[in-house]
Each structure stands twice: as structure tokens, then as C-alpha cells.
Amino acid sequence: VAAKSVILDVLAGYNSTILCYGQCGAGKTTTMFGEETSDADQTHSLGLLPRCAAYCIHCIKDSVAVVEASITISCVEIYEEQLKDLIAPSMSSKLHIKMSPNGETYVENLTQQ
């Protein structure tokens with residue numbers, strides 16, 4: 001997994017971010033989510049996020065120390081200074097970048113699933 005160190009941090013209890021940056025048409029969405037395919041074995045066309053989720057689940061299942069686990073994910077696209085909730089696009093108009101009193105930056109109203 002390309003982001004193995006990020007997943008290991010997540011498993012240690014840290015919040016983490018995977019960011020893809022580049023010009024229009026450079027392949028950011030394909031890198032993150034993968035390619036659509038009708039192939040029965042889609043593992044070769046999976047993007048970074050599905051691979052990371054699968055690796056995280058694999059590590060949790062293989063751990064004898066984990067009694068209970070919960071995984072949540074949020075996906076946001078920033079394009080021309082506009083935020084788009086990729087899990088619930090209808091919520092996109094309600095998204096705002098905020099800073100908590102302790103200095104943590106977050107996106108208000110971003111769907112977590």
C-alpha cells in the first residue's frame with residue numbers, strides 16, 4: 001500500500017489525511033478512487049482509498065489486541081475554491097472550512113461515513 005505509514009498512524013489512533021493535488025485531467029480522481037471496470041477481478045484497478053480501507057480492515061482483523069473497531073471516512077474535493085462533499089454531494093453548499101478553539105482545521109458539515 002502506497003500510504004502504509006498513514007494507515008499505521010490511523011491504527012495507532014491518529015486522524016490522517018491523504019491528499020491528491022494536480023492539474024485538471026492529471027488523474028487525481030482515478031488515483032484516489034480507481035478506474036471503473038467490468039473485469040471480475042478489479043483489484044488491479046482499485047484506487048488508493050479502497051486499497052487503504054482494505055489494508056486497514058486487514059490489519060484490524062489480524063490484530064489479537066483489537067476488541068472493537070470503528071472506521072469513518074470523509075471525502076472532500078476542492079476545486080476553484082469550492083468544497084464538494086464526495087460522499088453526500090447534496091450537502092456541498094453547507095460546507096465551510098473552520099478552525100476549532102484548539103487550532104485544529106476541519107470542514108464543517110462534511111459527511112462522515
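Look up a bit, the structure's there.
First, a word on scope: everything that follows refers to the structure included in this document.

Basis of the calculations
Residues numbered from 1 in each chain as written. Predicted model: local features only at pLDDT ≥ 70, side-chain atom pairs only at ≥ 80, totals over all residues. Heavy atoms only, no water. Helix = DSSP H or I, 4+ residues; strand = E, 2+ residues; numbered from the N terminus. Contact = heavy atoms within 4.5 Å. Areas by Shrake-Rupley, 256 points an atom, 1.4 Å probe, with all protein chains shown as cover. Lys, Arg positive; Asp, Glu negative; His and termini not counted. Charge placed at Lys NZ, Arg CZ, Asp CG, Glu CD. Buried < 20%, exposed > 50% of the residue type's maximum accessible area, 1.4 Å probe, protein only. Core = buried A, V, L, I, M, F, W, Y, C linked by side-chain atoms within 4.5 Å. Pairing = 2+ DSSP bridges.

A few points about the overall build of the protein
For step 1, the next point in the chain: Along its length, the protein carries three helices and four strands.
For step 2, the next point in the chain: When its helices and strands are written in sequence order, the protein yields α-α-α-β-β-β-β.
For step 3, the next point in the chain: Taking the principal axes of the C-alpha coordinates as reference, the protein spans close to 40 × 40 × 25 Å.
For step 4, the next point in the chain: Across the protein, every contact between residues at least 6 apart in sequence was considered, and the portion connecting residues at least 24 apart equals 32%.
For step 5, the next point in the chain: With an accessible surface of roughly 8,900 Å², the protein has 51% of that area assigned to carbon and sulfur atoms.
For step 6, the next point in the chain: Taking the average place of the 7 positive charges on the side chains of the protein and the average place of its 13 negative ones, the gap between the two points comes to 1 Å.

Section: unusual backbone geometry
For step 1, the next point in the chain: With a phi angle near 50°, Glu-80 is a residue other than glycine that sits in the positive phi range.
For step 2, the next point in the chain: In this fold, Glu-80 is placed in the loop between β1 (76-79) and β2 (82-85).
For step 3, the next point in the chain: Residue classification places Glu-80 among the exposed residues on the basis of a relative accessible area of 62%.
For step 4, the next point in the chain: In this structure, Asn-109 is a non-glycine residue whose phi angle is positive, near 75°.
For step 5, the next point in the chain: In this structure, Asn-109 sits in the segment after β4 (105-108).

A word on the nonpolar core
For step 1, the next point in the chain: Residues Ala-3, Ile-7, Met-32, Leu-48, Leu-49, Cys-52, Tyr-55, Cys-56, Cys-59, Ile-60 and Cys-75 constitute the largest nonpolar core, which totals 11 residues.
For step 2, the next point in the chain: Ranked by residues supplied to this core, first place goes to helix α3 (residues 48-62) with seven residues.

Some words on the pairing of β4
For step 1, the next point in the chain: Of the strand pairs in this sheet, strand β3 (residues 96-99) and β4 are connected by four bridges, and their pairing is antiparallel. The partner of Met-99 across the bridge, within β4, is Thr-105.
For step 2, the next point in the chain: Between the antiparallel neighbours β3 and β4 lie five residues, among them Gly-103 with a positive phi of about 90°.

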